[in-house]
Amino acid sequence: MKRYEDLSPSLRCIMTPGPVEVDPRVLRAMSFPVLGQFDPEFTDIMNETMGMLRELFATNNKWAFPVDGTSRSGIEAVMVSLIAPGDRVLIPIYGRFGHLLHEIAERCGAEVYTIEKAWGSVFAPEEVISAIQSFKPDVVAIVHGETSTGRVQPLAEIGRACREQGALLIVDAVATIGGVPVETDAWMLDAVIGGTQKCLSIPSGMAPVTYNERAEAKLLKRKQVERGLRTGEFEAGELPPVRSNYFDLSMLQDYWSPQRLNHHTEMTSMLYALREGLRLVLEEGIQARHARHALHEEALTAGLTAMGLELYGDPQSKLTVVTCVQIPEGIDGESVRSMLLNRFGIEIASSFGPLKGQIWRIGTMGFSCRENNVLRVLGALEATLLRHGHPLPAGLGVQAALDVYEANVR
Ligand SMILES: Cc1ncc(COP(=O)(O)O)c(C=O)c1O
């Protein structure tokens, strides 16, 4: 019989756009004893988590809770619940995850209209607004931070236009929440999905979402109570029910309300992780956290530039937490990545679709976003590129980053 060794994963320096390193305090929280999902001690933890999520999303929304599953589950729950078959949906696409929104909207049975921007840039708000005015969508779904291209889409004007036109605005803030500002109420975002495994530095496995009364009003028209839970007559809403049971927000919100109507079995240990991760965000301070991400991005980009490497994409729309680097001519990007991993224990990311083999993507997110990691990745990348025969001014990258840190000593 095969013998299996004790599980002993390597300690990595993870500088990708997610998943990233997890704060040991979050890992500790995951080892606490399991509570029953209706135990008042556990439901108190649920309520606290909702309160913390409201602060994180900068919202007064009643509804802010996690969907169990990876970030995509939050996206799918929001879209399948808010898009009724036949709805008109506008998706502005400027990278891989815009295409994901398109695909999910089609699977919801929507009439989908897309506009596209070349990868490496984002939309001017007027471009999206003019599409909203001519297409008159019921729903607009857009990515806030595109990890595939390292770009961030400004949302405030788009939010206002959606409100004026009566469209619901769904935002994928998976990569931005906890790392760059996401202003749910001020930007008039109707539903927002965050990610745990990126700037929040919690393992993958839950997707925090929030939505407002406009979104809830639509949900209530599709309201369902599972047959086996009904205690009397049930009157269905005026719109067709949500086509997914697991992702039906009208049922999930009943579980997250004082009613605690049974749905799935809550992921106790993941909720501990989420609560602890959120506690750490609030302890640091949301604005201080954004400033920390900006500082390490500045040091990283100064170092990369000093090494003579070229950054990818329009600098005006650069996403603080993801830095995309052109792979120099003649260099095998995958060979560099594997040397970084195998010799230095550092992981950086490759890229997708049209950018495959063209760029590396370096994340500075959450617990991974710290000085020693930035210096480590710069030093190791310098050494690895030299080893691959790429001529560069040795040592300048780390020195440039150190200059940034020394200029920012508080
Ligand atoms: C912007 C964005 N949206 C959605 C996703 C999907 O998240 P998950 O892989 O956790 O389902 C990702 C993951 O990388 C992402 O970067």
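Predicted model only: the values in this text are computed from it and were never measured.

Draft legend 1. A look at the overall build of the protein chain. Looking only at helices and strands, one finds 13 helices and 13 strands in the protein chain. Here the C-alpha atoms of the protein chain give a radius of gyration of 22 Å, agreeing with the 22 Å that 2.2 N^0.38 yields for 410 residues. Along the first, second and third principal axes, the C-alpha set of the protein chain runs to 75 × 55 × 55 Å. For the protein chain, the proportion of its 410 residues judged to be buried stands at 50%. Nonlocal contacts in the protein chain, meaning residues at least 24 apart in sequence, comprise 72% of its contacts between residues at least 6 apart.

Draft legend 2. View of the environment of C324. Examined against the element boundaries, C324 turns out to sit in strand β11 (residues 322-326). Spatially, the C-alpha atom of C324 lies 5.3 Å from that of Y312, the residues being 12 residues apart in sequence. With residues up to four places along the chain from it excluded, the contact list for C324 reads T149, G150, L311, Y312, G313, I359 and R361.

Draft legend 3. Geometry of the UniProt feature "domain: Aminotransferase class V" (unreviewed entry) in the protein chain. If you check UniProt for "domain: Aminotransferase class V" (unreviewed entry), the listed places come out as residues 38-350 in our numbering. Helix makes up 41% of residues 38-350 and strand 16%, with an end-to-end C-alpha separation of 43 Å.

Draft legend 4. Seen up close, the nonpolar core. Of all hydrophobic cores here, the largest spans 125 residues; its most connected members are V78, M79 and A105. Among the elements that line this core, the one with the most residues is helix α9 (residues 268-284), at 8 residues. When we break this core down by domain, the ones giving at least three residues each are domain 1 (23-281) and domain 2 (286-407). Ignoring anything within four residues of it in the chain, the contact list for M79 reads I104, A105, C108, A141 and I170.

Draft legend 5. The domain arrangement of the protein chain, seen in detail. Each assigned domain of the protein chain is listed with its residue range as follows: domain 1 (23-281) and domain 2 (286-407). Taking only C-alpha atoms, the centre of domain 1 and the centre of domain 2 are 31 Å apart. Taken together, the contact between domain 1 and domain 2 spans 24 residues of the former and 24 residues of the latter. Counted by class, the side of domain 1 that touches domain 2 contains 10 nonpolar, 10 polar and 4 charged residues.

Draft legend 6. Seen up close, the site of the ligand. The full set close to the ligand counts 13 residues, and T70, S71, R72, T147 and V174 are the nearest of them. Residues of the shell around the ligand, tallied by class, amount to 4 nonpolar, 7 polar and 2 charged.

Draft legend 7. How the structure looks around the sheet that holds strand β9 (residues 191-194). Across the sheet, 7 strands lie side by side as β2-β10-β9-β8-β5-β3-β4; this open sheet has mixed pairing. The open sheet has two free edges, formed respectively by β2 (63-68) and β4 (111-116), since each of these has just one partner strand. Shown here is a sheet whose adjacent strand axes are inclined to one another by a mean of 20°, direction ignored. Looking at chain direction, strand β8 (residues 168-173) and β9 are connected through 4 bridges and run parallel.

Draft legend 8. Representation of the pairing of β9 in the model. Residue alternation in β9 divides its side chains into two sets, A191 and I193 and V192 and G194, and both sets are buried. Summarising the sheet, β9 and strand β10 (residues 206-211) pair through 3 bridges and their orientation is antiparallel. Across the sheet, the residue bridging to V192 is T210, located in β10.

Draft legend 9. Fine view of unusual backbone geometry. Of note, the amide linkage connecting G18 to P19 takes the cis form, showing an omega dihedral of 0°. Residue position: P19 is located in the loop between β1 (13-14) and α1 (24-30). Even without being glycine, K136 reaches a positive phi, approximately 50°. Given 13 C-beta atoms within a 10 Å radius, K136 is considered partly exposed.

Draft legend 10. Quick look at α9. When the terminal C-alpha atoms of α9 are compared, their 25 Å separation across 17 residues agrees well with the 24 Å that a helix rising 1.5 Å per residue should span. Taken as a whole, α9 has its buried residues at M270, L271, Y272, A273, L274, R275, E276, G277, L278, L280 and V281. Tucked into the core, α9 has its buried residues touching α1, α2 (40-57), β2, β10 and α10 (286-306). Phi turns positive one or two residues past the end of α9, at G285, with a value near 100°.

Basis of the calculations
Residues numbered from 1 in each chain as written. Predicted model: local features only at pLDDT ≥ 70, side-chain atom pairs only at ≥ 80, totals over all residues. Helix = DSSP H or I, 4+ residues; strand = E, 2+ residues; numbered from the N terminus. Rg over C-alpha atoms; globule rule 2.2 N^0.38 Å. Buried ≥ 20, exposed ≤ 12 C-beta atoms within 10 Å, placed from the backbone. Contact = placed C-beta atoms within 7 Å. UniProt positions renumbered as here; feature names shortened; annotations may be inferred. Core = buried A, V, L, I, M, F, W, Y, C linked by C-beta atoms within 7 Å. Domains from an automatic or database assignment. Nonpolar A, V, L, I, M, F, W, Y, C, P; charged D, E, K, R; others polar. Near = placed C-beta within 6 Å. Pairing = 2+ DSSP bridges. Axes fitted to C-alpha atoms, helices over the stretch in contact; angles between N-to-C directions. Expected span 1.5 Å × (residues − 1).

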